[in-house]
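Observations on the three-dimensional arrangement
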Amino acid sequence: EMKLAGRGGWRRYTAAMSERAATLRNIEGALRDALAHETLALHYQPMVDAHSGRIVGAEALLRWQVNGHDVFVPDQFIPVAEDSGLIAELGEWVLHQACMQSRQWRQHRHPIPISVNVSPLQFRHERFQPQLESLLDSYGIGSGELELELTERTMMAGGDATTRLLQRIRQRGVRLSLDDFGTGYCSLSYLKHFPVDALKIDRSFVHDVIADPDTAAITRAIIAMARSLGKTVIAEGVETAAQADFLREAGCTLLQGFHYGAPMPAAELDRWLAATAA
Ligand code: C2E
Ligand code: MG
Ligand code: MG
Ligand code: MG
């Protein structure tokens, strides 16, 4: 970009940059406002057992909506929150909401483990661990009731300190899963160093698993390897019965995707849980 020829090119470049900066500032300002005025909510997407089809967990996904319409989607506003540092506050809000929901589902007598996405910056923040532990205590979150979804990027950064923190969190009964597996730069050999309970196969693999034999072979290998390391394997982005059949036969433990249910407000999943419990 810096090689743009002549003054006109440079002007175009700086104009584009300041426009981008202005857009980011606008989103950031609106996001602070949303955090203060509760136009943010968590939706929950069911995770089902590949064999029984029963709901065995739910992933919390952040929504920023007004009148049921997305203002921005997470792939737009999470990066802004990360760049501006707002992610620490936003992430704490998400964890808090998820812990409240967990307690509510327990009180409604259909407890269900909740998975929460955690950003690298949020995870590295010095307040993260004490906040997490105080939420676990306040809401009486038991072993296996909360799972954190982290990416390879998070786990690779920070070296031994990160590994110790991951171990400590796990000792508190919080499960850890490696999200978007296969999209990062993580070599398979790293897996034996990461103290994770589960691998989530990225939906880009699931998407191509029927049409592309190479993707099918890689996906089978990932599942076999994860299982032989004693890890749970979750496939995300399952949209068709054919994909579900393939993944089940390959030994995938849990399935998640539009084929089973889109992310939905807590009350909707609540009705679903009540219906299947009856
Ligand atoms: P992710 O954690 O990998 O979440 C899965 C994404 O796939 C979600 O997008 C979900 O709505 C979508 N999805 C689920 N099933 C299907 C399917 O069958 N087909 C397709 N095409 N998509 C499906 P969403 O909610 O837009 O979130 C995008 C990303 O934003 C998430 O990816 C996660 O990295 C991030 N994110 C969302 N909520 C939070 C949050 O509370 N905190 C943080 N730090 N990140 C979040
Ligand atoms: Mg996730
Ligand atoms: Mg994912
Ligand atoms: Mg993703």
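Read on for a plain summary of the structure. (Residues numbered from 1 in each chain as written. Chains lettered and ligands numbered in written order. Predicted model: local features only at pLDDT ≥ 70, side-chain atom pairs only at ≥ 80, totals over all residues. Heavy atoms only, no water.)

Okay, helix α5 (residues 128-138) next. Burial in α5 covers these residues: Phe128, Gln131, Leu132, Glu133, Leu135 and Leu136. Close packing links the buried residues of α5 with α3 (87-107), α4 (120-124), β5 (146-150) and α7 (159-171). Note on α5: the residue one or two positions beyond its end, glycine 140, has a positive phi of about 60 degrees. (Buried < 20%, exposed > 50% of the residue type's maximum accessible area, 1.4 Å probe, protein only. Helix = DSSP H or I, 4+ residues; strand = E, 2+ residues; numbered from the N terminus. Contact = heavy atoms within 4.5 Å.)

Attention shifts here to the nonpolar core. Looking at soluble globular proteins, one finds that nonpolar side chains tend to be buried together. The biggest cluster of nonpolar side chains holds 75 residues, and the ones touching the most others in it are Leu148 and Leu255. Ranked by residues supplied to this core, first place goes to α3 with eight residues. What leucine 148 contacts, discounting residues up to four positions off in sequence, is Leu95, Val116, Val118, Phe128, Leu132, Ile169, Val174, Arg175, Leu176 and Ser177. (Core = buried A, V, L, I, M, F, W, Y, C linked by side-chain atoms within 4.5 Å.)

On to the packing of aromatic side chains, then. Evaluated as defined, the whole model comprises four aromatic pairs. Here tryptophan 64 and phenylalanine 72 contribute two aromatic rings whose centre-to-centre distance is 5.4 Å and whose plane-to-plane angle is 55 degrees, an arrangement assigned as tilted. With a relative accessible area of 3%, tryptophan 64 lands in the buried category. Look at tryptophan 64 and phenylalanine 77: their rings are 5.4 Å apart centre to centre, the planes differ by 80 degrees, and that puts the pair in the edge-to-face class. Residue tryptophan 64 is found in strand β2 (residues 55-66), and its partner phenylalanine 77 is found in helix α2 (residues 74-84); the two are separated by 13 residues along the sequence. By the ring-pair criterion, three or more aromatic residues cluster together here, those being Trp64, Phe72 and Phe77. (Phe/Tyr/Trp six-rings, centres within 6.5 Å; stacked < 30°, edge-to-face > 60°.)

Contacts to ligand 1 come from 22 residues, most closely from Arg63, Asn117, Arg203, Glu239 and Phe258. Between ligand 1 and the protein, one listed contact pairs a nitrogen atom with a backbone N or O atom of leucine 62 at 3.1 Å. Note that an oxygen atom of ligand 1 is positioned 2.9 Å from one of the side-chain N or O atoms of aspartate 179. A total of 800 Å² of accessible area belongs to ligand 1 in isolation, and the protein chains cover 85% of it. Secondary-structure elements contributing two or more residues to the shell around ligand 1 are β2, α2 and β6 (175-181). (Near = heavy atom within 4 Å. Polar contact = N/O pair within 3.5 Å; in protein donor to acceptor, adjacent residues only side chain to side chain. Areas by Shrake-Rupley, 256 points an atom, 1.4 Å probe, with all protein chains shown as cover.)

Moving on to the environment of valine 209. Its place among the elements puts valine 209 in the loop between α8 (203-208) and α9 (213-228). Distance in space between the C-alpha atoms of valine 209 and tryptophan 64 is 32 Å, their sequence separation being 145 residues. Sequence-distant contacts of valine 209, defined by excluding residues within four places in its chain, comprise Thr215, Ala216, Thr219, Gln243 and Phe246.

This part covers the coordination of the magnesium ion (ligand 3). Bound to the magnesium ion (ligand 3) are the protein donor atoms Asp179 (OD), Asp180 (OD), Glu236 (OE) and Glu236 (OE), situated 2.2 to 2.4 Å from the metal. Coordination of the magnesium ion (ligand 3) draws on donor residues from a single chain, spaced D-D-x55-E in sequence. Here the magnesium ion (ligand 2) and the magnesium ion (ligand 3) are spaced 3.9 Å from one another, each receiving a donor from aspartate 179. Residue aspartate 180 is located in strand β6, and its partner glutamate 236 is located in the loop between β8 (232-235) and α10 (241-250); the two are separated by 56 residues in the primary sequence. Using a relative accessible area of 26% as the deciding quantity, one classes aspartate 180 as partly exposed. (Donors = N, O, S within 2.8 Å, 3.2 Å for Na, K, Ca; no water.)

Here the focus is the pattern of salt bridges. What the rule picks out here adds up to 11 salt bridges. Arginine 127 is paired through a salt bridge with glutamate 92; the nearest N and O atoms lie 3.5 Å apart. Pair noted here: arginine 127 is in the loop between α4 and α5 and glutamate 92 is in helix α3, with a separation of 35 residues, a long-range link. Bridged by salt links that share partners, the residues Glu133, Asp137, Arg168 and Arg172 form one connected network. (Salt bridge = Lys/Arg side-chain N within 4 Å of Asp/Glu carboxyl O.)

Now for the pairing of β8. Looking at chain direction, strand β7 (residues 198-201) and β8 are connected through four bridges and run parallel. Each residue of the ladder has a partner; that of lysine 200, found in β8, is isoleucine 234. Examined bridge by bridge, β8 and strand β9 (residues 254-255) share two bridges and lie parallel to one another. Bridge pairing in β9 links isoleucine 234 to leucine 254. Handedness of the β-α-β unit built from β8, α10 and β9 comes out right-handed. (Pairing = 2+ DSSP bridges. Right-handed = clockwise from strand over helix to strand, strands pointing away.)

Function cannot be read off these values alone, since they describe shape.
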